[in-house]
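Chain by chain, the residues run as shown.
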Amino acid sequence: MSQATLVLITGGVKSGKSTLACRCADSFSEAPIMIATARRFDHEFNARIQRHIDDRPAYWQTIEEPLNLAVHLDEQADQTVVIDCLGVWLTNLLVEIPDQRIAKTAEFMAALARRTQPTIIVSNESGFGVIGADGLTREFVDELGLLNQAVAKQATHFTTNFSGFPVWLKGNALF
């Protein structure tokens, strides 16, 4: 069996990652599923989440899941899935259930390997920043860098975005 398409899209804040992810998913499926990892914790962030939802066509299904990505990857095994985003997911793990981060990450990577349909993953590129001023920030940057490396290694396609322009680093350019 050949490896399912796995696209990793990294970049900075507002670099066009989510837009590119949606374009990729639409090219693979007529009914993609968005697994959104953000929590609705304040008015501004809720509005940001709603803008993302409103920007997608009505045929998209959205699942809001801040912690258990592996479960939804398995449940949606026959669908094209976008995960937006790994950085927010990792933050949720580090803040809410730090003692389960390693297990949840291993479950996630195993679920990715089981996928038979396209998976598009959005993640922040935190490696261009400065060293964090506190332990939690340094742990986040380190762990996100390692997680991005693991996903990039498994990915069939990998791109990073700069100001809305993707630079394809692995696999053929999809756009």
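Our subject is the structure listed above.
Okay, so let's go over this structure. Please read all numbers here as calculations on a predicted model, not as lab measurements. Along each chain, the written sequence defines residue order, and numbers are assigned to residues from 1. For a predicted model such as this one, the threshold for reporting local features is a pLDDT of at least 70, and the threshold for listing and counting side-chain atom pairs is 80 or more; totals across whole chains, interfaces and linings nevertheless cover every residue. Based on all heavy atoms of the structure, the side-chain values leave hydrogens and waters out of the count.

Details of the packing of helix 4 (residues 86-96) against helix 6 (residues 135-154)
Counted only if it meets this: Every angle, taken between N-to-C directions, lies between 0 and 180 degrees, and every axis is a line fitted to C-alpha atoms, over only the stretch in contact when it is a helix. Counting from the N terminus, the helices are the DSSP runs of H or I reaching at least four residues and the strands are the DSSP runs of E reaching at least two. Note on angle classes: values under 35 degrees are labelled roughly parallel, values over 145 roughly antiparallel, values of 65 to 115 roughly perpendicular, and the remainder oblique. Crossing handedness is read from the near helix: turned anticlockwise from the far helix by less than a right angle, it gives a left-handed crossing, and turned clockwise, a right-handed one. Whether two residues are in contact is decided by their heavy atoms, any of which lying within 4.5 Å being enough. Think of it as three bins: nonpolar holds Ala, Val, Leu, Ile, Met, Phe, Trp, Tyr, Cys and Pro, charged holds Asp, Glu, Lys and Arg, and polar takes everything else, Gly as well.
Closest axis-to-axis distance for the helix 4/helix 6 pair is 10 Å, and the angle between their directions is 130°. Of the possible angle classes, the one that applies to helix 4 and helix 6 is oblique. Considering the relative orientation of helix 4 and helix 6, their crossing is right-handed. For the pair helix 4 and helix 6, contact is made by Leu86, Gly87, Trp89, Leu90, Thr91, Leu94 and Val95 and by Leu136, Glu139, Phe140, Glu143, Leu144, Leu147, Asn148 and Val151, respectively. Per-class residue counts for the contact of helix 4 with helix 6 are 10 nonpolar, three polar and two charged.

What about helix 4?
Under the convention used in this document: Relative accessibility under 20% of the residue-type maximum defines a buried residue, over 50% an exposed one, and the middle range a partly exposed one, all with a 1.4 Å probe and only protein chains included.
For helix 4, the set of buried residues is Leu86, Gly87, Trp89, Leu90, Asn92, Leu93 and Leu94. In this structure, the buried residues of helix 4 make contact with helix 3 (69-75), strand 4 (81-84), helix 5 (101-114), strand 5 (119-124) and helix 6.

What to know about unusual backbone geometry
Comment: phi is negative for the bulk of residues other than glycine, and the bulk of peptide bonds are trans. Residues aspartate 84 and cysteine 85 are joined by a peptide bond in cis, for which omega reads 5°. If you trace the backbone, cysteine 85 turns up in the loop between strand 4 and helix 4. Despite not being glycine, lysine 14 has its phi angle at roughly 60°, a positive value. On the secondary structure map, lysine 14 appears in the loop between strand 1 (6-11) and helix 1 (17-28). Lysine 14 gets classed as exposed once you look at its relative accessible area, which sits at 62%. In this structure, serine 163 is a non-glycine residue whose phi angle is positive, near 50°.

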